[in-house]
Amino acid sequence: MSQRYSIVFQPSSEIVDLIQEMKSELADTIGWYASRHAMAHITIQEFVVNDKKIEVIKRQLERCCDRLLPVEVRFDRFDTYPNGAFFIKPDLLSLPVLSQIMKQVQHAVPTPNTHRGTDPHLTIARKLSYEKILIAHELFNEIDLGFSFDKIALRQFNPTKKQFEIIAVYPFLSQPDSQSIQGSLF
């Protein structure tokens, strides 16, 4: 049976809690909105696969994350998309670093039926009207978050809750790539 999954950068619990507080404050001001209860994350890719294929993907993710290095990032401004998304954007130094890691993961873990993330951001709200975006900008006008991304999470969509839930976490282990080392010896 095929199910919906996503691979995401998973921030620390402190950042998740902070984003949740912001989402609650916004909800207290404007009422319910799309992504109100979604846990803070940065989507790398979203896809649909069967149980057999997800086991292959888990192994690919583990190998990929074994080689990744933790990265220090800053998120320093709020922004919007024309579709009504309101989000926190990484600074100009963090943006290319996160984008590059996203591409590495997408290359190392090819998935069918894929929506690939291309613009790293932390979503606060989705599908807001123009008026509600203005309220969000009034409510939140300054931000400066510095933290480390040191893991990727695999999430499965729960149709009952209508939310993704983490089913596995893959820490960045900073191990050398054994294939490139082996290739360099010959």
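Relevant structure appears above.
In short, a report on the structure. Source: prediction; values computed, not measured.

1. Some remarks on helix α3 (residues 94–108)
An ideal rise of 1.5 Å per residue puts 21 Å on 15 residues; α3 measures up with 21 Å between its terminal C-alpha atoms. For α3, the set of buried residues is Ser94, Leu98, Ser99, Ile101, Met102, Val105 and Gln106. Along α3, the residues classed as buried sweep out an arc of 165° about the axis, all on the same side. Exposed positions of α3 whose direction lies more than 90 degrees from the buried face are Lys103 and His107.

2. As for the sheet that holds strand β6 (residues 122–125)
Read from one edge of the open sheet, four strands run β6-β4-β3-β7, paired in antiparallel fashion. The sheet is open, and its two edges are formed by β6 and β7 (145–149), each paired on a single side. Here the average twist between neighbouring strands, direction ignored, is 35°. The sheet contact formed by strand β3 (residues 71–80) and strand β4 (residues 86–90) spans five bridges and is antiparallel. For Asp79, the partnering residue across the bridge sits in β4 and is Phe87. Those strands touched by α3 are β3, β4 and β7, and its axis lies near 105° from that of β3.

3. Considerations on the nonpolar core
Grouped together as the largest cluster of nonpolar side chains are 49 residues, with contacts concentrated most on Ile7, Phe9, Phe75, Ile88, Val105 and Ile152. In terms of residue count, helix α1 (residues 13–30) provides more of this core than any other element does, seven residues in total.

4. Side note on the pairing of strand β2 (residues 42–49)
Pairing of strand β1 (residues 3–9) with β2 involves seven bridges; the strand directions are antiparallel. Residue pairing across strands places Gln3 opposite Val49, the latter belonging to β2. Of the pairings in the sheet, the one linking β2 to strand β5 (residues 115–116) comprises two bridges and is antiparallel in character. By the bridge assignment for β5, Glu46 is matched with His115.

5. A closer look at a nonpolar patch on the surface
Among the surface-exposed residues, Met39, Ile166 and Val169 lie close enough to one another that they form a single nonpolar patch of about 230 Å² accessible area. By the secondary structure assignment, Met39 is in the loop between α1 and β2. On the basis of relative accessibility, which here comes to 39%, the residue Met39 falls in the partly exposed class.

Rules of the game
Residues numbered from 1 in each chain as written. Predicted model: local features only at pLDDT ≥ 70, side-chain atom pairs only at ≥ 80, totals over all residues. Heavy atoms only, no water. Helix = DSSP H or I, 4+ residues; strand = E, 2+ residues; numbered from the N terminus. Expected span 1.5 Å × (residues − 1). Buried < 20%, exposed > 50% of the residue type's maximum accessible area, 1.4 Å probe, protein only. Arc of directions from axis to C-beta. Pairing = 2+ DSSP bridges. Axes fitted to C-alpha atoms, helices over the stretch in contact; angles between N-to-C directions. Contact = heavy atoms within 4.5 Å. Core = buried A, V, L, I, M, F, W, Y, C linked by side-chain atoms within 4.5 Å. Patch = residues over 30% accessible without salt bridge, like charges linked within 9 Å, V, L, I, M, F, W, Y side chains within 5 Å. Areas by Shrake-Rupley, 256 points an atom, 1.4 Å probe, with all protein chains shown as cover. Salt bridge = Lys/Arg side-chain N within 4 Å of Asp/Glu carboxyl O.

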